[in-house]
Amino acid sequence: MNILFLGDVVGKPGRRAVRTLLPGLIHREQLALVIANCENVAGGAGVDPDSCRELLAAGVDVLTSGNHIWRKKEITDFMGQEARLLRPANFPPGTPGTGWRRFATASGVEVAVINLIGRVFMDAVDCPFQVVEAILTELAGEVGVIVVDMHGEATSEKGAMGWFLAGRVSAVIGSHTHVQTADERVLPGGTAFITDAGMCGPIDSVIGVKHQLAIRRFRTHMPTKFEPASGRAAVQGAIVTLDPSTGRATAIRRLQAEAERLQ
């Protein structure tokens, strides 16, 4: 069984790349489930209902998010209406929405998807290690396939989460930095891991942003409104192969595909 995790989808270019490439990928890779981080899907920062609907219509099954989830005020009500949209589980109690949920593949395999966010170089939130421990206790023995989106800035924190959950979940996939790492591997106990899945968005950019704007920000240290770059777009992510009867991963490989080349 193959599960695809797509790195942060950035603005219209990212949505276009996913819309263009995903149907073919689902067929060629025989994907049972597609998960995508959508926290930057609307204008490059934030999430809105229309952008979510576009990704879901393109074939994404589950949407995870991160620290930019509340940038668009209209997402708050939508969060309660769309079960396929998650926010980090370790946001404080009382935050709208949910941080994990069970989903079923077309063949009936139940998959639990957990969305976490790191604390290093990020906002102060509840401890992701304690929160995921509580979730796993609740899930104990009920779901064999568990995928975790660890949305974080620090590679060390994401790596620590991978080892913390080794042998206890099917995959720990890092997101947030928009830079795909080359450390994909299967940890002891059958847990697939990669520090960051990358991004779906414009290639000729600085993490999806127009490079001129990023340079201006670094050179002047003045507030600069970031805008998604245009031009060539690609999807990046990771494909996890696992045994649905045990939940153990047998392989993980990086995905990089440029939209224009596969249209």
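Before going into details, it helps to say that this report is about the structure given with it. As the structure is a computational prediction, the values presented were derived from the model and not from experiment.

## Here's the deal with the overall build of the protein
Here comes step 1: Looking only at helices and strands, the protein features 7 helices and 13 strands.
Here comes step 2: Out of the 263 residues belonging to the protein, those deemed buried represent 56%.
Here comes step 3: Of all intrachain contacts in the protein linking residues separated by at least 6 positions in sequence, the fraction that spans at least 24 positions is 65%.
Here comes step 4: Taken as a whole, the protein presents about 11400 Å² of accessible surface, with 51% of it coming from carbon and sulfur.

## Examining a nonpolar patch on the surface
Here comes step 1: Residues Val179, Val206 and Ile207 make up a contiguous nonpolar surface patch of roughly 220 Å² in combined accessible area.
Here comes step 2: Mapped onto the fold, valine 179 is located in the loop between β8 (171-175) and β9 (185-187).
Here comes step 3: For valine 179, a relative accessible area of 46% gives the class partly exposed.

## Section: the side chain of threonine 177
Here comes step 1: Along the chain, the position of threonine 177 falls in the loop between β8 and β9.
Here comes step 2: At 2.9 Å, the side chain of threonine 177 forms a polar contact with the side chain of aspartate 196.
Here comes step 3: Excluding anything up to four places from it in sequence, threonine 177 contacts Gly152, Glu153, Lys158, Asp196 and Ile207.

## Some remarks on the packing of aromatic side chains
Here comes step 1: For the coordinates displayed, the defined rule picks out 1 aromatic pair.
Here comes step 2: Aromatic pair phenylalanine 129 and phenylalanine 164: ring centres 5.3 Å apart, planes at 80°, arrangement edge-to-face. Highlighted residues: phenylalanine 129 in helix α4 (residues 128-139) and phenylalanine 164 in helix α5 (residues 155-164), separated in sequence by 35 residues.

## Points about the sheet that holds β9
Here comes step 1: In space, the 6 strands of this open sheet follow the order β5-β6-β7-β8-β10-β9, with mixed pairing throughout. Each having just a single partner strand, β5 (100-104) and β9 make up the two edges of the open sheet. For this sheet, the mean angle separating the axes of adjacent strands, direction not counted, is 25°.
Here comes step 2: The sheet contact formed by β9 and strand β10 (residues 191-194) spans 3 bridges and is antiparallel. In the strand pairing of β10, leucine 187 is matched with threonine 191.
Here comes step 3: On top of the sheet, α4 reaches β5, β6 (110-117) and β7 (145-151); it is set at about 165° to β6, its chief contact.
Here comes step 4: Contacts from α5 reach β6, β7, β8, β9 and β10 within the one sheet, and its direction differs from that of β8 by about 170°.

Scoring rules and cut-offs
Residues numbered from 1 in each chain as written. Predicted model: local features only at pLDDT ≥ 70, side-chain atom pairs only at ≥ 80, totals over all residues. Heavy atoms only, no water. Helix = DSSP H or I, 4+ residues; strand = E, 2+ residues; numbered from the N terminus. Buried < 20%, exposed > 50% of the residue type's maximum accessible area, 1.4 Å probe, protein only. Contact = heavy atoms within 4.5 Å. Areas by Shrake-Rupley, 256 points an atom, 1.4 Å probe, with all protein chains shown as cover. Patch = residues over 30% accessible without salt bridge, like charges linked within 9 Å, V, L, I, M, F, W, Y side chains within 5 Å. Salt bridge = Lys/Arg side-chain N within 4 Å of Asp/Glu carboxyl O. Polar contact = N/O pair within 3.5 Å; in protein donor to acceptor, adjacent residues only side chain to side chain. Phe/Tyr/Trp six-rings, centres within 6.5 Å; stacked < 30°, edge-to-face > 60°. Pairing = 2+ DSSP bridges. Axes fitted to C-alpha atoms, helices over the stretch in contact; angles between N-to-C directions.

Without other data, these values stay purely geometric and don't point to any function.
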